[in-house]
Amino acid sequence: MNLQKILRSLSVGLIFLIPIFPLIVADGFFFPFITGKAFYFRILVEVAFVAWILLAFLDAKYRPRFTALTISVTLFAVITLIADLLGVNPVRSMVSNFERMEGWLVIAHLWMFYMTATHLFGHDEEGKRMWRRWFNFSLGVAVVVVGYAFAQMFGWAEIHQGSVRLDASLGNAAYLAVYMLMHVGIAAYLSFVAYAGKIANASFLKWAYPLLALVFSFIIIQTQTRGTIIGLAGGALLALALYALFAKKESIRSRSIAAGAIGLILVLTGALFLSRDTAFVKNSPSLNRIASISLTDTKTQARAYVWPMALKGFTERPILGWGQENFNYVFNQHYNPKMWNQEQWFDRAHSVFLDWLVASGAVGVLSYLALYVFALMAVWKSRITIAEKSTLTGLIVGYAVHNIFVFDNLASYVFFFAILGFAGSLGSAERSSKSKVEKWLETKTFSRDAVEYIVAPIAIVALAAGIYFLNVRNIQANTSLIDALRACSTAGRADIALFEGLFKIDSAMAAQEAREQLISCATGVVSNPYPGPVKQAFYDLTVKQIQEQIADAPEDARMYILGGLFLSNLNQTAEAKKLLEKARELTPGKQAVAFQLATLYVAEGKKDEALALLKTAYDADPTYDDARSAYATSMIIAGKDAEARVQFDNDPTIFETQRAAQAYASLKQYDKAIAIYNRLIAADAKNVNLRTALAQTQYSAGMTWSATETLRAIAKDFPEYKEQIDAAIKEVQAGAK
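None of the values given here were measured: they were computed from a predicted structure.

Visitor: Honestly, a nonpolar patch on the surface in this entry has me stumped. Any pointers?
Guide: Taken together, the side chains of Phe66, Ile71, Leu75 and Val437 present a nonpolar region at the surface, about 340 Å² in accessible area. With respect to the helices and strands, valine 437 occurs in helix H18 (residues 436–443). Note on valine 437: relative accessible area 48%, which makes it partly exposed.

Structural data, given as structure tokens:
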């Protein structure tokens, strides 16, 4: 076998191994459903791409063709790169993190995948045959994924997120949904290919493909991902409508069936919504979730708050945006205080189009939309049947509709770029208009010796470096982080050396997550019975890494908040205050920052500053119970008890709480604090924390005998705490002397 055949076989083989990635779950990795798939995909693509490059030097047949779609995909990758480099955090934009595994690295790999597959598989009939084989292999993998999903549905396998929304080996219901959506479209397209007899075993497959499409659709419904369900319905309706309208050479019967299917979908949809209040629908989690879709429903969802933030972020950087992975800057800056009952850290707008609008501005989002436009143009300019064109159009548009409500991931990205590659292959291999560069590439002959002894060694060294620095080192960092976290989760086993080794790897991809996990681990270490030197080592490394993260991302509020809370819990008030005040500046609407900062102000005796801060938090959304309670408590501490009781109508959920008792105790109004504790304990006698707090308050009030009796009662009712209680009694009695 000559070198060209070896290179082609290697590259094609690796491209055909890519569809396996949804099955990979790297249990020993941090974010096992994400990282294992991503590293697998990237390494395969890198090797396949280098093999294709070498093959293209040796054989003009495999050299780039400058079609509109190829130019569009390349421009998208280049524009994204420029936007990322000019964004607010270029490093994060380039490498992303373990939770997402995206950034420009994934865009670059998708471009490499597109270029390699498109030019290896070829064009026209040859290209269609190769892509059909690739799609068939992917359908086989999808069947395995469906088997996993059914195992979850019947209780034979665990659902990883939630209890009813299937996620299979994708680990996320939305990821499984869009993966199934892609394969519904692929199966539907191949069914028309089979009906036309253009594929082997057509008599069997023309029935098998529609059955698979129905099964995949059923799984989508079971994921309860409403954006994908809307995309599925919208794509199907569009495909049927296009066929009914434009398939003029087809039989009236087939077009009538398409029109009837449209009517059936609309009738079933209407019937579902009309019966949404019936027991049948309400008792079905999937049907009930679908029936709850409405325009007003978004008002109770995070998207109603996050989408306006995204638009504000776009207006601030409208040309090239903020760079990928930087939506959190927009979210923090424009945080809506009414989101207190939602997720507090959003790194996505939960809409692909808004994500690209923020990440790459108007230029970037136009280049992204161009991918859809040129793909559809390629489909409709091709010589495939109207049924095939309609189906592919429905798939592309259905995916676009899905993307209105959900963010992208590897499970959708790969197949979208595969569809782009397939659409590009539909054009004729012989085009009338070619650029000078393309004509030159077609006729240029490169010295075989130069390729083998100069180009190949350079490519192999570059490949080895890429695999090591982009994958191996990050895998090492990932598994090192897991080792450190496992030690932390085992009582008494936290090991500072594991974190030190992790940071020595110097992985930009791992840095922020490693630092945040270190803070969590260090918090446990310093609050548990570890030796003093161990606690000091964790404290020193944590403070160092907090400062390094702030240096890496000085305008990101997240580390200021996490670092401030860590230092605050250790009574490092001055340093904690600096961090939290900066956090307050970067995310002024977030009440949680105000709560913690006000606590520090009170500790410093700055009661008026705390009161003003908490009033702002309360005024931002008076329905937030914690804000109401914190503001009322600050009024008590500021000596405005009577005013607070009038304003909040003597609300027992505010004034009959441990927080209120602590406020009175801080003012040495122990009688009020003790009275509150007694009422709370009467309602919850099994609450050890309340009873120990009462004992502490009694001791502070000089009521030594009462504090001792309270502690003895705790020891009697909770003998498992007797040793600690006896020690506390000795301290109380010693203090009384």
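Visitor: Help me understand the state of the cysteines in this model?
Guide: One way to say it: the disulfide is the covalent bond shared by the sulfur atoms of two cysteines. Under the definition given, this model contains one disulfide. Between the sulfur of cysteine 488 and that of cysteine 521 lies a disulfide, 1.8 Å long from S to S. Taking the sign of the torsion about the S-S bond as the criterion, the disulfide between cysteine 488 and cysteine 521, at about -85°, is left-handed. Highlighted residues: cysteine 488 in helix H19 (residues 448–488) and cysteine 521 in helix H21 (residues 508–526), separated in sequence by 33 residues. The class of cysteine 521 is buried, set by a relative accessible area of 7%.

Visitor: Please explain the packing of helix H13 (residues 303–316) against helix H15 (residues 352–381) as it appears in this structure.
Guide: Axis angle and axis distance: for two packed helices, these are the angle between their axes and the distance between the axes, and together they describe the pair. H15 packs onto H13 with a crossing angle of 10° between their chain directions and a minimal axis gap of 9 Å. Between H13 and H15, the angle falls in the class roughly parallel. Facing H13, whose interface residues are Trp307, Ala310, Leu311 and Phe314, H15 presents Leu354, Leu357, Val358, Gly361 and Ala362.

Visitor: What should I look at first to understand the packing of aromatic side chains in this one?
Guide: We describe a pair of aromatic rings using the distance from one ring centre to the other and the angle between the two ring planes. Across all of its chains, the model carries 46 aromatic pairs by this definition. Seen from their ring centres, phenylalanine 49 and tryptophan 111 are 5.8 Å apart, and the 55° between their planes marks the pair as tilted. Of the two residues, phenylalanine 49 is situated in helix H2 (residues 32–58) and tryptophan 111 in helix H5 (residues 103–121); the sequence distance between them amounts to 62 residues. Taking relative accessible area as the criterion, phenylalanine 49 reaches 15% and is therefore assigned buried. You can call tryptophan 111 partly exposed: its relative accessible area is 24%. With centroids separated by 6.0 Å and ring planes inclined at 15°, the aromatic side chains of phenylalanine 150 and phenylalanine 218 adopt a geometry described as stacked. Here phenylalanine 218 lies in helix H8 (residues 202–223) and phenylalanine 150 lies in helix H6 (residues 124–153), a separation of 68 residues in the sequence. Members of the aromatic cluster, each reached through a chain of ring pairs, are Phe16, Phe21, Phe41, Phe113, Phe121, Trp131, Trp134, Phe135, Tyr179, Tyr189, Phe415 and Phe422.

Visitor: Is there a simple way to explain the environment of serine 72 in this structure?
Guide: Structurally, the position occupied by serine 72 is in helix H3 (residues 68–85). Taking C-alpha positions, serine 72 is 7.6 Å from phenylalanine 374, a pair spaced 302 residues apart along the chain. Leaving out residues up to four positions away in the same chain, serine 72 has contacts with Ser367, Ala370, Leu371 and Phe374.

Visitor: Any chance you could explain the nonpolar core here in plain terms?
Guide: In globular proteins that are soluble, nonpolar side chains generally tend to be buried together. Phe113, Trp134 and Phe417 are the most contacted members of the largest nonpolar core, which totals 218 residues. When residues of this core are assigned to their parent elements, the largest contribution, 15 residues, is made by H2. Not counting residues within four places of it along the chain, the set of residues in contact with tryptophan 134 comprises Ile15, Phe16, Ile18, Pro19, Phe113, Phe121, Phe415 and Ala418. Listed in part, the 10 residues of the second largest apolar core include Val688, Leu711, Ala715 and Phe718.

Visitor: Whenever I open this one, unusual backbone geometry confuses me. Can you help?
Guide: Excluding glycine, residues mostly carry a negative phi; peptide bonds, for their part, are mostly trans. Even without glycine at this site, alanine 168 takes up a positive phi of about 50°. Its place among the elements puts alanine 168 in the loop between H6 and helix H7 (173–195). Given the relative accessible area of 0%, alanine 168 is considered buried. For aspartate 506, which is not glycine, the phi dihedral falls at a positive 60°. With respect to the helices and strands, aspartate 506 occurs in the loop between helix H20 (496–504) and H21.

The rules behind these values
- Residues numbered from 1 in each chain as written.
- Predicted model: local features only at pLDDT ≥ 70, side-chain atom pairs only at ≥ 80, totals over all residues.
- Heavy atoms only, no water.
- Patch = residues over 30% accessible without salt bridge, like charges linked within 9 Å, V, L, I, M, F, W, Y side chains within 5 Å.
- Areas by Shrake-Rupley, 256 points an atom, 1.4 Å probe, with all protein chains shown as cover.
- Salt bridge = Lys/Arg side-chain N within 4 Å of Asp/Glu carboxyl O.
- Helix = DSSP H or I, 4+ residues; strand = E, 2+ residues; numbered from the N terminus.
- Buried < 20%, exposed > 50% of the residue type's maximum accessible area, 1.4 Å probe, protein only.
- Disulfide = S-S within 2.5 Å.
- Axes fitted to C-alpha atoms, helices over the stretch in contact; angles between N-to-C directions.
- Parallel < 35°, antiparallel > 145°, perpendicular 65-115°, else oblique.
- Contact = heavy atoms within 4.5 Å.
- Phe/Tyr/Trp six-rings, centres within 6.5 Å; stacked < 30°, edge-to-face > 60°.
- Core = buried A, V, L, I, M, F, W, Y, C linked by side-chain atoms within 4.5 Å.

Function cannot be read off these values alone, since they describe shape.
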